[in-house]
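Each chain, letter by letter, is given below.
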Amino acid sequence: MRLEQFSAEKKRIIENILALFASQGVNYILPIITFPYLLRVLGPERFGLVAFAQAFIQYFMTITNYGFVHTVPRRIAVYREDKEKLFQIFNSIMLIKFVLLAITFIFLIFLVLTISKFRADWEIYLIAFLTVFGNVIYPVWFFQGMEHMKYIGFLNTLSRIIFTIAIFVFVKTESDYLYVPLFNAFGLIVVGIMSLWVIVKDFNVKIFFPSKQSVVKELKEGWHIFVGLSAVSLYSNTNTFVLGMFTNNTTVGYFTAGETLIRAIDGMLNTITQAIYPYASRLANISRMAASAFIRKMLIIVGGTTFLLGIAIFLCAHRIVDIAFGPQYTNTIAVIQILAPLPFFLGINGILGVPGLLAFNMNRAFSVIVILAGLINLILALILVPAYKHIGISISLLITELSATIIIAVYLSCKRIVFFPKPAIKTADNLWK
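Residues numbered from 1 in each chain as written. Predicted model: local features only at pLDDT ≥ 70, side-chain atom pairs only at ≥ 80, totals over all residues. Heavy atoms only, no water.

*Asks:* So what about the overall build of the chain? Which residues, and what values?
*Replies:* Scanning the chain for helices and strands turns up 18 helices and zero strands. Put simply, the chain has 433 residues, and 57% of those count as buried. Of the contacts made within the chain by residues no fewer than 6 positions apart, 84% connect residues no fewer than 24 positions apart. Just so you have it, the chain exposes about 18600 Å², and 69% of that area is on carbon and sulfur atoms. (Helix = DSSP H or I, 4+ residues; strand = E, 2+ residues; numbered from the N terminus. Buried < 20%, exposed > 50% of the residue type's maximum accessible area, 1.4 Å probe, protein only. Contact = heavy atoms within 4.5 Å. Areas by Shrake-Rupley, 256 points an atom, 1.4 Å probe, with all protein chains shown as cover.)

The following block contains the structure:
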């Protein structure tokens, strides 16, 4: 495929971004309503327990996702015209994910039966595990690779609508906390079933038992990303998990309330990453400099926007807590102010890490960098949490994302990707135009 043909796909990229943003608009408007409601109805203690359970279950989500969320879209984007290859990829991924689902469920039962902390609230962990099943049967990676983001947008929106309606109908007091993970899982399972129906009906994907060679290849392709994503848990899920192990559910509630606000912004940033990643991957196969120029332009847009957003969050932290969270969450103000720069670092990392490193097939480098950042976070968390609790974990998370940003930028600079000397930049820009 010639480089000039990519200019015709600018429209598709914009359409994909707008489609995802349209759905994300609904997906974030609805939580703006449900999130404060849950904070007030459940209170810091029960909200903290729900958050702890979801963070714990996220480890199993990471295992069942393997590295497919990043490797498979690239492979589907490359082989989408080869139906036989496409079907082999799809069926291999689904088989692997179901096997991993069974293994993780058995491990969860073992933990619930043997560890008193989990046994005391066993119901919430088993209910929350249903989200892992819903995630397994919802192949977002297929729609992303085929560059049909409208399906993702519609299904995500449907899931959030189901969850939102159910929350307001059934969650009335703090004793109804078990409904939160239940309805979250139910919405995901519904859209998962619908997505499989769309894939078979609209994309004519044939379901069959894949070859051993295909399964092994997908496992190898995703291994380095899986290691990297496992390390991501060291500074995402593990923050809540470590905080819960060293403190109590109420303290977890303070931190999670603030972090959830920041992570909502990160979810919108992921919309851009999802939309441009397949395009950047195919462009990188044609011209390294043209792909770098494209990524650099996205970097400027995302970086500038998130920098201003971070300033606004810091200045408005008190008002956000007063209006949205309530007086029970005064301790969350400091968390929000500490994490205010996080959208900027997450935005930069998202562009440089996925369309940057992964589009150029630097899977090993991605894994090493994320592992290093995860270890930094884990060490800082173990040092800071016992003494400073929710403040300590917030500082740990901020330092970790700053470190990751610096490491990725330095690595790409050394590889002469994205960041070029001025003459090379001009050449890349001319190719893009």
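Once you've had a look at it, read on.
*Asks:* Can you lay out the nonpolar core for me, pointing to particular residues and giving the numbers?
*Replies:* Judged by nonpolar contacts, the single largest core of 94 residues is most densely connected at F56, Y125 and F325. Non-local contacts of F56, meaning those with residues more than four positions away in its chain, are made with L108, L111, F118, Y125 and F241. (Core = buried A, V, L, I, M, F, W, Y, C linked by side-chain atoms within 4.5 Å.)

*Asks:* So, the packing of helix α11 (residues 237-246) against helix α17 (residues 363-414): which residues are in play, and what are the values?
*Replies:* At a minimum axis separation of 10 Å, α11 and α17 run at an interaxial angle of 65°. Like other packed secondary-structure pairs, α11 and α17 cross with a definite hand, here right-handed. Of the residues in α17, those in contact with T238, N239, V242, L243 and F246 of α11 are N377, L378, L382, V385, P386, K389, H390, I393 and L397. The residue inventory of the contact of α11 with α17, partitioned by class, reads nine nonpolar, four polar and one charged. (Axes fitted to C-alpha atoms, helices over the stretch in contact; angles between N-to-C directions. Left-handed = near helix turned anticlockwise from the far one by under 90°. Nonpolar A, V, L, I, M, F, W, Y, C, P; charged D, E, K, R; others polar.)

*Asks:* How would you summarise α17 if you had to cite specific residues and measurements?
*Replies:* Over its 52 residues, α17 extends only 16 Å from the first C-alpha to the last, a length that falls short of the 76 Å expected when each residue adds 1.5 Å. Just beyond α17, the residue with positive phi is R416, at close to 55°. (Expected span 1.5 Å × (residues − 1).)

*Asks:* Go over the confidence of the model for the chain with me, naming the residues and quoting the values.
*Replies:* Overall, the predicted model of the chain reaches an average pLDDT of 83, with 86% of residues at or above 70. Contacts of residues 421-433 to residues separated by more than four positions or lying in other chains number 21 contacts, the stretch itself having pLDDT below 50. (pLDDT = per-residue confidence, 0-100.)

*Asks:* How would you explain the side chain of R75 if you had to name every residue and give the values?
*Replies:* With respect to the helices and strands, the residue R75 is situated in helix α2 (residues 68-79). By relative accessible area, which is 7% here, R75 ends up buried. A distance of 2.8 Å separates polar atoms of two side chains, one belonging to R75 and the other to E218. Contact partners of R75, with chain neighbours within four places excluded, come to K85, I89, K217, E218 and E221. (Polar contact = N/O pair within 3.5 Å; in protein donor to acceptor, adjacent residues only side chain to side chain.)

*Asks:* Account for a nonpolar patch on the surface, with residues named and values stated.
*Replies:* A grouping of L130, I161, I165, V169, F170, Y179 and L182 is seen on the molecular surface, where their side chains present a nonpolar patch of about 570 Å² in accessible area. Only α8 (149-170) and α9 (179-202) provide two or more residues apiece to the nonpolar patch. Looking at the element boundaries, V169 is found in helix α8. (Patch = residues over 30% accessible without salt bridge, like charges linked within 9 Å, V, L, I, M, F, W, Y side chains within 5 Å. Salt bridge = Lys/Arg side-chain N within 4 Å of Asp/Glu carboxyl O.)

*Asks:* Which residues make up the packing of helix α15 (residues 332-339) against α17, and what values do they have?
*Replies:* For the pair α15 and α17, the least separation of the axes is 9 Å and the interaxial angle reads 10°. With respect to α17, the element α15 is oriented roughly parallel. Between α15 and α17, the residues in contact are A334, V335, I338 and L339 and H390, I391, S394, I395, L397 and L398, respectively. Along the lines of polarity and charge, the residues of the contact of α15 with α17 split into eight nonpolar, two polar and no charged. (Parallel < 35°, antiparallel > 145°, perpendicular 65-115°, else oblique.)

*Asks:* I'd like a rundown of the environment of G350, residues and numbers included.
*Replies:* Note on placement: G350 falls in helix α16 (residues 342-358). Apart from the residues within four sequence positions on either side, G350 is in contact with T273 and P355.

*Asks:* An account of the packing of aromatic side chains is needed here, citing residue identities and associated values.
*Replies:* Enumeration according to the criterion identifies 30 aromatic pairs in this entry. Between F52 and F118 the ring centres are 6.5 Å apart and the planes differ by 20°, which places this aromatic pair in the stacked class. With a gap of 66 residues between them, F52 in helix α1 (residues 10-65) and F118 in helix α4 (residues 116-120) connect regions that are remote in the sequence. Under the relative-accessibility criterion, F52 is labelled buried at 1%. By relative accessible area, F118 is classed as buried at 4%. A ring pair is formed by Y66 and F68, whose centres lie 5.0 Å apart and whose planes are at 45°; its orientation type is tilted. In this pair, the class of Y66 matches that of F68, namely buried. Through a chain of ring-to-ring contacts, the aromatic side chains of F52, F56, Y59, F60, F105, F107, F110, F118, Y125, F129 and F241 assemble into a single cluster. The ring of F52 carries the charged tip of K117 above its face, separated from the ring centre by 4.8 Å. (Phe/Tyr/Trp six-rings, centres within 6.5 Å; stacked < 30°, edge-to-face > 60°. Lys NZ or Arg CZ within 6 Å of the ring centre and 35° of its normal.)

*Asks:* Can you tell me about the side chain of T164, naming the residues and giving the values?
*Replies:* Position of T164 among the secondary structure elements: in helix α8. Of the polar contacts made by the side chain of T164, one reaches the backbone oxygen of R160; its length is 2.8 Å. Every residue in contact with T164, bar those within four places of it in the chain, is listed here: L30 and T34.

*Asks:* Tell me about the pattern of salt bridges, residues and numbers included.
*Replies:* Considering all chains together, one arrives at four salt bridges under this definition. Of the charged contacts in the structure, one is a salt bridge between E218 and R75, with a shortest N-O distance of 2.8 Å. Here the residue E218 occupies a position in helix α10 (residues 212-232), and R75 occupies one in helix α2, the gap between them amounting to 143 residues. Comparing E218 with R75 shows no difference in burial state: the two are buried. Its salt-bridge partner being E259, residue R263 comes within 3.5 Å of it at the nearest N-O pair. Linking R263 with E259, this pair stays in helix α12 (residues 249-286), spanning four residues, or about one helical turn. On the accessibility criterion, R263 (23% relative accessible area) is partly exposed.

*Asks:* I'd like to hear about the environment of M289, residue by residue, with values.
*Replies:* With respect to the helices and strands, M289 occurs in helix α13 (residues 288-315). Relative accessible area serves as the criterion here: at 28%, M289 is assigned to the partly exposed category. Considering only alpha carbons, one finds M289 and V418, 129 residues apart in sequence, at a separation of 7.5 Å.

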